[in-house]
Amino acid sequence: MGLAAWDLNLINMKDTHYTALHVKETTEGQFSRQITQLAIADLPDHDTLIRVHYAALNYKDALSATGNKGVTRNYPHTPGIDAAGEIVKSGDPSLTPGAPVIVTSYDLGMNTAGGFGQYIQVPADWVVPLPQDMTLEESMIIGTAGFTAGLALYKMEKIGQRPEMGPIVITGASGGVGSLATGIFSQAGYEVHASTGKTEAHDFLKALGATEVVGRDYVQDPKNRPLLRPKWAGALDTVGGETLATLLKACSQEGSVATCGLVGSPKLQATVFPFILNGVNLLGVESATTARETRMAIWEKLAGEWKLPDLTSISTQTNLTELNDVYLDKILQGQTKGRIILKHDV
């Protein structure tokens, strides 16, 4: 049931329109973006309306905001794949008005109007109640990146990964998933070896809990051998390609290597030796359509035993104007550090 059929007295009449970053495509195939007023009644026809308090900036959002059709097929559009706020109305009786909630993944911000607007309207199945020991702002500092890292750890531990088995390697550790994974795995009791090619990120990663910060050569095998002497007990890889192959070859017995990225390459050239001689597990991490029950369990861990002690220290808060004028370009140029958090006027 769409908003047009709802009792609009549930929200202030001044809020029948809301402020959003709106991206348009011209007839010439060019893209422009502006901050404008949109009608709540024109949001997608889903059963849960949420007033957004915070959103997070991700690389995918910048791609959507600049017209990347691999992310967003149809324009005009409002990006923002992460959003946190309060329920206005829902077809799910467990989602009561005023309840604080999180929405990440699925189609939010891709082809469904996202968190760069003050309101979103989504299916109830996409919505996760905010854990008791977490603020809305903290949930966006974690966002999709931190949830992906948490899902990797959840899957690794489900089949037996434990801190006493030895160190965990995090590749692409200065990126969004990698940096949050460094902190999350450390909070979970693991010895973390953070691999990055950015020397300026070493202190940042140490502060997040990395026991060692190593270069990219640490996770490379230029001789392309079929198997290596074990160097780590498990890994979370955001790179792919030769790096992922090396992580498998040098993983100790019964360890798990979780993969969630392909910034290096989507190809994997490897033998079966790590799997049939050392019992290594290769785990795929796909966070977009994780079942709601599993999603809720992971968010509870991210708010509890896996929670970083000072999340706000790795974030920068901004408004919609600054996000549009400054940070969307900066993230595309690799010039942001930590998490950029959008705070809406509410």
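This text goes with the structure placed above it.
Quick notes on the rules
- Residues numbered from 1 in each chain as written.
- Predicted model: local features only at pLDDT ≥ 70, side-chain atom pairs only at ≥ 80, totals over all residues.
- Heavy atoms only, no water.
- Helix = DSSP H or I, 4+ residues; strand = E, 2+ residues; numbered from the N terminus.
- Rg over C-alpha atoms; globule rule 2.2 N^0.38 Å.
- Buried < 20%, exposed > 50% of the residue type's maximum accessible area, 1.4 Å probe, protein only.
- Areas by Shrake-Rupley, 256 points an atom, 1.4 Å probe, with all protein chains shown as cover.
- Expected span 1.5 Å × (residues − 1).
- Bend = angle between axes of the 7 residues up to and from the residue.
- Contact = heavy atoms within 4.5 Å.
- Pairing = 2+ DSSP bridges.
- Axes fitted to C-alpha atoms, helices over the stretch in contact; angles between N-to-C directions.
- Phe/Tyr/Trp six-rings, centres within 6.5 Å; stacked < 30°, edge-to-face > 60°.
- Lys NZ or Arg CZ within 6 Å of the ring centre and 35° of its normal.

Enquirer: Go over the overall build of the chain, please, and point to the residues and values.
Expert: When helices and strands are tallied, the chain shows eight helices and 15 strands. Over its C-alpha trace the chain gives a radius of gyration of 21 Å, about what one expects of a compact globule, namely 20 Å for 346 residues. Considering only C-alpha atoms, the chain reaches an extent of 65 × 45 × 35 Å along its principal axes. Among the 346 residues that make up the chain, the fraction classed as buried is 54%. Surface exposure of the chain reaches about 15000 Å², of which carbon and sulfur atoms provide 50%.

Enquirer: Tell me about helix H8 (residues 320-332), residues and numbers included.
Expert: Between the first and last C-alpha of H8 there are 17 Å, a value that for 13 residues agrees with the 18 Å anticipated at 1.5 Å per step. Largest kink in H8: about 40°, centred on Val 326. Burial in H8 covers these residues: Leu 320, Leu 323, Asn 324, Tyr 327, Leu 328 and Ile 331. Contacts made by the buried residues of H8 are with strand E1 (17-25), strand E2 (31-39), helix H1 (59-65), strand E14 (315-318) and strand E15 (339-343). Positive backbone phi, approximately 70°, marks Gly 334, located one or two places after H8.

Enquirer: Describe the side chain of Thr 182, listing the residues and the values that go with them.
Expert: If you trace the backbone, Thr 182 turns up in helix H3 (residues 176-187). Note on Thr 182: relative accessible area 0%, which makes it buried. Each residue touching Thr 182, except ones within four places of it in the same chain, is listed here: Ile 170, Ala 173, Val 192, Ala 194, Leu 205, Leu 208 and Ala 210.

Enquirer: Please give an account of the sheet that holds strand E12 (residues 251-259) that cites residues and values.
Expert: Spatial strand order, E10-E9-E8-E11-E12-E13: six strands in an open sheet with parallel pairing. At either end of the open sheet lies a strand with only one pairing partner, and these are strand E10 (212-214) and strand E13 (281-284). Taking each pair of neighbouring strands and ignoring which way they run, the sheet shows an average axis angle of 20°. Bridging between E12 and E13 involves four bridges; their strand directions are parallel. For Thr 259, the partnering residue across the bridge sits in E13 and is Gly 284. Contacts from H3 reach strand E8 (168-170), strand E9 (192-195) and strand E11 (232-237) within the one sheet, and its direction differs from that of E8 by about 160°.

Enquirer: I'd like a description of helix H5 (residues 241-249), backed by residues and values.
Expert: When you tally the buried positions in H5, you get eight out of nine residues, the bulk of the element. Looking only at H5, the buried set comprises Gly 241, Thr 243, Leu 244, Ala 245, Thr 246, Leu 247, Leu 248 and Lys 249. Residues of H5 that are buried make contact with E8, E11, E12, helix H6 (273-277) and E13.

Enquirer: Account for the packing of aromatic side chains, with residues named and values stated.
Expert: Summed over the entire model, instances satisfying the criterion amount to six aromatic pairs. Each ring, one from Phe 31 and one from Tyr 75, has its centre 4.9 Å from the other, and the planes form 65°; the classification is edge-to-face. Remark: Tyr 75 occurs in the loop between H1 and strand E4 (82-90) and Phe 31 occurs in strand E2; sequence separation between them is 44 residues. A relative accessible area of 27% places Phe 31 in the partly exposed class. You can call Tyr 75 buried: its relative accessible area is 14%. Lys 231 extends its terminal NZ or CZ atom over the ring of Tyr 218, reaching a point 4.4 Å from the ring centre.

Read these as geometric descriptors, not functional statements.
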